[in-house]
Amino acid sequence: MKIYEINKEVIKYRFGNPISTDVVMEKGIEIKKEGIDFFQLEKGESIKLSYKMYPDDLVLGLGENQRGMNKRGGIYESFCSDDPLHTSDKKSLYGAHNFLIIEGTDKFGIFIDYPGKVTFDVGFTHKDYLEILIDDNHVDIYMIKGDQLREIVKNFLKLTGDGYVPPKWAFGYQQCRWSYKDANEVEKIADGFLKNDIPCDTIYLDIDYMEDFKDFTISEERFPNFKGFVKNMKEKGFRLIPIIDAGVKIEKDYDVYEEGVKNNYFCVDENEKPFVAAVWPGRVHFPDFSNPDARRWFGLKYKNLIDCGIEGFWNDMNEPAIFYTDRGLKKAIEHAKTSENENLDIYTFFGLKDSFMNLSNNMEDYKSFYHRMDGELVRHDQVHNLYGYNMTRAAAEGFREIAPNKRFLLFSRSSYIGMHRYSGIWTGDNHSWWEHILLNIKMMPSLNMCGFLYSGADTGGFNGDANAELIIRWSQFSLFTPLFRNHSAMGTRNQEPFSFDQESKNMIKNTIKLRYVLIPYIYSEYMKAIINKNVYFAPLVFEYDDEMSKRVENQLLVGDSLMITPVYEENAKGRTVYLPEDMLLWKVEDYRNKSYQVVKKGHIYLDVDLKETPIFIRKNKMLILGESANNVENIDNRELHVIAFVTEKAKYSYYDDDGKSYDYKNGKYSEIIIEIEKTDEAYDIKVDPRENEKVEKIHFEIIDSNGNVTKKMVELY
Ligand code: GLC
């Protein structure tokens, strides 16, 4: 083991000669040091680290995973998995996010930079022990210091790079469904939004738009004159977002296939022939995204669609998902043949059934293909978790080459730490289950700690049928997630906002309108989190140090000013809420009606009617609101509204920028510093438009600890 100091806060422990993941660029300076901080080490063919947890320690992080924000009691495996049944016993979902934080007697973060399988046993096998098992003895482990939780995250993000910034329109409401089969149907969906006056910024094109599920093709039959269609839709106010899958169909004369074979851009089998697996189109090859030339080639293919006016994509099936291989299928069929006419007892029957059930995403298949890395063949399972990351990196690097200063919308299903530099993620194929709203709530801060700020779940649930109430309650949470997309699977009940009765439709509409009104705040907080290497969603323990705040798993802090308490139970008319301090409650039915209530610190039962979204404004903080519009580009934010809960003094820095370029990196953004101070009788308001281009007026509603409202207006020019 060699030990390096990367900087004052980060130490790297290097075992053997690990495969480079390109996540951390700094090499550090080698230092002399004994052992590994905090952990006991066992080293053989694999590496095991053990840490004795103190009874009250919290274990946070691990990104996209099951169970609580506090991961204690669970066992988790980092091995990106296409498993659409997200039950709480599942150890792996689509992402591999090997970063966790211990908060307690000790305070530190640990990042395991290893792209094969890593197991995190957080007190599951031995209740007091955190045990990390790495399936190899070549690995880089980073230990990250910091006095506060936010500081640990910041030091981790300093190490792993700046977060992805989408275009501002990607903060609008987005509609998706697998089965919008042709241009007419997409147009009908768009008209549904317009007719019902429901804001929406994008409509997604799932695999249905392709010709025979071939990447970078468009079905002429179903989407004739695609370029014209994209343009028309944009004129109506909708951007179209096509899907790109990892597997490339094997088909003579299909350019992507032909070029990939000719240039050795595909992963290979043990005979160094392109590896064959089957996904949507049937047999495919997988591009070898670990090869920089293959990455560039694939990344530039997005240009086919960009040239048609497309400005955003979602990368899918990039664990990579495998439905079956010829090897697996043959074995299963042989098994079936030998079982024909047999009297199967329980064991032989289950054996037969398993040979079909285990056809997909089978470990034997993952062990039977290879990547070419630095001139050597590397078996896929050892670098499995890099596949989606490198596919998405290919896309992002392609965009940079195609249009260097343009922001594209991009998110991926599979991911690894570090991919947050290139794109967002969505959390894959969840279900229309109430449990999955709660899972979504718990997952968001964990993802944020790992750098994935632009994220969200399939609102309303992907698999299964949703009822109106589920869509309403889920939307009332998703309206705070940077990626707010309603998505569902083919064959399930339609769940667009206008698919339900009039009353429900109005509730969903009000919820989406509230999202647009909140965009100035959401965008400002998102961008500040990116720039300052902070989280956007946080558990209460990030801000409050009382015992109860450590335990709350169903409330979140959103940015600097808000606490949210979503309702995630069917037929509920309210819920219990914990307030670590006095806060101002705004229960929103229609954002135009504002009435506030000061709620005292402690536990309460909060009534929340189905039509209401509760928003808590923290003490001495303020919320910025804009105007609603049918899409983000039509929002007129010359007049802003501030709701402030001020008992002493509040300060807010309001950020905005052009929403489409990277000029903010060169300091081209606007910032307004707003300060409100309570004096004996009134309030002093200071508005300092440091770099302000757009805002002309700010309307204030300032509420004191007795609930008295003071209204003021400040003109900026
Ligand atoms: C996968 C994706 C899902 C998509 C479907 C069809 O299941 O996770 O979002 O709709 O494939 O492309």
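Here goes a summary of the coordinates provided. Source: prediction; values computed, not measured.

Basis of the calculations
- Residues numbered from 1 in each chain as written.
- Predicted model: local features only at pLDDT ≥ 70, side-chain atom pairs only at ≥ 80, totals over all residues.
- Heavy atoms only, no water.
- Helix = DSSP H or I, 4+ residues; strand = E, 2+ residues; numbered from the N terminus.
- Rg over C-alpha atoms; globule rule 2.2 N^0.38 Å.
- Buried < 20%, exposed > 50% of the residue type's maximum accessible area, 1.4 Å probe, protein only.
- Contact = heavy atoms within 4.5 Å.
- Areas by Shrake-Rupley, 256 points an atom, 1.4 Å probe, with all protein chains shown as cover.
- Lys, Arg positive; Asp, Glu negative; His and termini not counted.
- Charge placed at Lys NZ, Arg CZ, Asp CG, Glu CD.
- Phe/Tyr/Trp six-rings, centres within 6.5 Å; stacked < 30°, edge-to-face > 60°.
- Lys NZ or Arg CZ within 6 Å of the ring centre and 35° of its normal.
- Pairing = 2+ DSSP bridges.
- Patch = residues over 30% accessible without salt bridge, like charges linked within 9 Å, V, L, I, M, F, W, Y side chains within 5 Å.
- Salt bridge = Lys/Arg side-chain N within 4 Å of Asp/Glu carboxyl O.
- Polar contact = N/O pair within 3.5 Å; in protein donor to acceptor, adjacent residues only side chain to side chain.
- Axes fitted to C-alpha atoms, helices over the stretch in contact; angles between N-to-C directions.
- Left-handed = near helix turned anticlockwise from the far one by under 90°.
- Nonpolar A, V, L, I, M, F, W, Y, C, P; charged D, E, K, R; others polar.
- Near = heavy atom within 4 Å.
- Expected span 1.5 Å × (residues − 1).
- Bend = angle between axes of the 7 residues up to and from the residue.

1. Considering the overall build of the protein chain
Looking only at helices and strands, the protein chain has 15 helices and 43 strands in total. The globule rule puts the C-alpha radius of gyration for 717 residues at 27 Å, and the 26 Å found for the protein chain is close to it. Considering only C-alpha atoms, the protein chain reaches an extent of 85 × 65 × 55 Å along its principal axes. A buried classification covers 62% of the 717 residues belonging to the protein chain. In the protein chain, the proportion of contacts linking residues at least 24 apart, taken out of those at least 6 apart, comes to 71%. When the accessible area of the protein chain is evaluated, it comes to approximately 27800 Å², of which 45% is carbon and sulfur surface. Charged side chains of the protein chain number 93 positive and 116 negative; the gap between the two group centres comes to 2 Å.

2. Overview of the packing of aromatic side chains
Enumeration over the complete set of coordinates arrives at 52 aromatic pairs. Taking the centre distance of 5.1 Å and the plane angle of 85° together, the rings of Phe-193 and Phe-498 count as edge-to-face. Of the two residues, Phe-193 is situated in helix H2 (residues 183-195) and Phe-498 in the loop between strand S28 (484-486) and helix H14 (502-532); the sequence distance between them amounts to 305 residues. The lysine or arginine in question, Lys-12, covers the ring of Tyr-4, its NZ or CZ lying 5.1 Å from the ring centre. When the ring centre of Tyr-254 is taken as reference, the NZ or CZ atom of Lys-214 above it lies at 5.3 Å.

3. Digging into the pairing of strand S36 (residues 613-617)
Where burial is concerned, most of S36 is hidden: 5 out of the 5 residues are buried. In the sheet, strand S31 (residues 562-564) pairs with S36 via 3 bridges, with the strands oriented antiparallel. Its bridge partner being in S36, Met-563 is matched across the sheet by Phe-616. As judged from the 5 bridges shared by strand S33 (residues 583-588) and S36, these two strands associate in the antiparallel manner. Bridge pairing links Leu-585 to Phe-616 in S36.

4. A short note on a nonpolar patch on the surface
Side chains of Ile-346, Tyr-347, Phe-349 and Phe-350 sit close together on the surface and give an oily, nonpolar patch of about 460 Å² of accessible area. Within the secondary structure layout, Phe-349 lies in helix H8 (residues 346-357).

5. Side note on unusual backbone geometry
Trans peptide bonds make up most of the peptide bonds, and negative phi angles are found at most residues other than glycine. Omega for the bond connecting Glu-319 with Pro-320 falls within 30 degrees of zero, at -5°, which places this linkage in the cis form. Residue position: Pro-320 is located in the loop between strand S20 (312-316) and helix H7 (326-339). Even without being a glycine, Met-317 presents a positive backbone phi close to 55°. Tracing the backbone shows Met-317 in the loop between S20 and H7. On the accessibility criterion, Met-317 (4% relative accessible area) is buried.

6. A look at the side chain of Gln-175
By secondary structure assignment, the location of Gln-175 is in strand S14 (residues 173-175). At 2.6 Å, the side chain of Gln-175 and the side chain of Tyr-173 are in polar contact. The contacts of Gln-175, once residues within four sequence positions are left out, are Tyr-180, Ile-189, Phe-193, Cys-200, Thr-202, Ile-203, Tyr-204, Asn-486, Glu-496 and Pro-497.

7. Let's talk about the sheet that holds S31
Within a sheet, neighbouring strands are paired by backbone hydrogen bonds and run either parallel or antiparallel to one another. Taken in spatial order, the 6 strands of this open sheet run S29-S30-S31-S36-S33-S34, and their pairing is antiparallel. The two strands at the open ends of the sheet, each matched to only one other strand, are strand S29 (537-538) and strand S34 (596-599). Relative to S34, S33 is paired through 4 bridges, and the arrangement is antiparallel. Bridge pairing in S34 links Trp-586 to Tyr-596.

8. Remarks on the packing of helix H5 (residues 292-301) against helix H11 (residues 387-402)
In a packed pair of helices, the relevant descriptors are the angle between the two axes and the axis-to-axis distance. Look at H5 against H11: their axes get within 7 Å of each other, and the N-to-C directions meet at 65°. The chirality of how H5 crosses H11 is right-handed. For the pair H5 and H11, the contacting residues are Arg-295, Arg-296, Phe-298, Gly-299 and Leu-300 in the first and Asn-390, Met-391, Arg-393, Ala-394, Ala-395, Glu-397, Gly-398, Glu-401 and Ile-402 in the second. For the contact of H5 with H11, a count of residues per class yields 6 nonpolar, 3 polar and 5 charged.

9. A few points about the sheet that holds strand S15 (residues 202-205)
Taken in spatial order, the 9 strands of this open sheet run S26-S25-S23-S20-S16-S15-S14-S28-S27, and their pairing is parallel. Two strands close off the open sheet at either side, each with one partner strand: strand S26 (455-456) and strand S27 (458-459). Sheet topology note: the S20/strand S23 (residues 409-412) ladder contains 4 bridges and is parallel. Within the sheet, the bridge partner assigned to Gly-312 lies in S23 and is Leu-409. Contacts from H11 reach strand S16 (239-245), S20 and S23, with the element oriented near 170° to S23.

10. Let's talk about the pairing of strand S6 (residues 58-61)
The alternating pattern of S6 places Leu-58 and Leu-60 on one face and Val-59 and Gly-61 on the opposite face, and all of these are buried. As defined by bridge partners, S6 adjoins strand S9 (residues 99-103) across 4 bridges and the pair is classed as antiparallel. Counterpart to Val-59 in the pairing with S9 is Ile-102.

11. A few points about the site of the ligand
Around the ligand, the neighbouring residues are Trp-178, Asp-206, Ile-207, Ile-243, Trp-280, Trp-314, Asp-316, Arg-413, Trp-426, Asp-429, Phe-462 and His-487. In the model, an oxygen atom of the ligand is placed 2.5 Å from a nitrogen or oxygen of the Asp-206 side chain. Here an oxygen atom of the ligand and a side-chain polar atom of His-487 are 2.9 Å apart. Burial of the ligand by the protein chains amounts to 97% of its free accessible area of 300 Å². Residues belonging to the shell around the ligand are distributed by class as follows: 7 nonpolar, 1 polar and 4 charged.

12. Focus: H14
Across its 31 residues, H14 extends 43 Å between first and last C-alpha, which sits within 8% of the 45 Å expected from 1.5 Å per residue. Within H14, the axis deviates most sharply at Leu-518, by approximately 55°, and proline Pro-520 lies no more than four positions further along. By the criterion of burial, H14 is predominantly enclosed, with 25 of the 31 residues buried. N-cap assignment for H14: the residue whose side-chain oxygen lies 3.2 Å from the backbone N of Glu-503 is Asp-501. Phi turns positive, to about 55°, at Lys-533, one or two residues after H14.

13. A closer look at the side chain of Thr-392
Checked against the element boundaries, Thr-392 lands in helix H11. For Thr-392, a relative accessible area of 0% gives the class buried. Look past the residues within four positions of Thr-392 in its chain and what remains in contact with it is Asn-315, Asn-318, Leu-410, Ser-412, Met-419, Tyr-422 and Ser-423.

14. Things to note about the environment of Phe-356
Structurally, Phe-356 can be placed in helix H8. Contacts of Phe-356, omitting those with residues within four sequence positions, involve Ala-332, Ile-333 and Ala-336.

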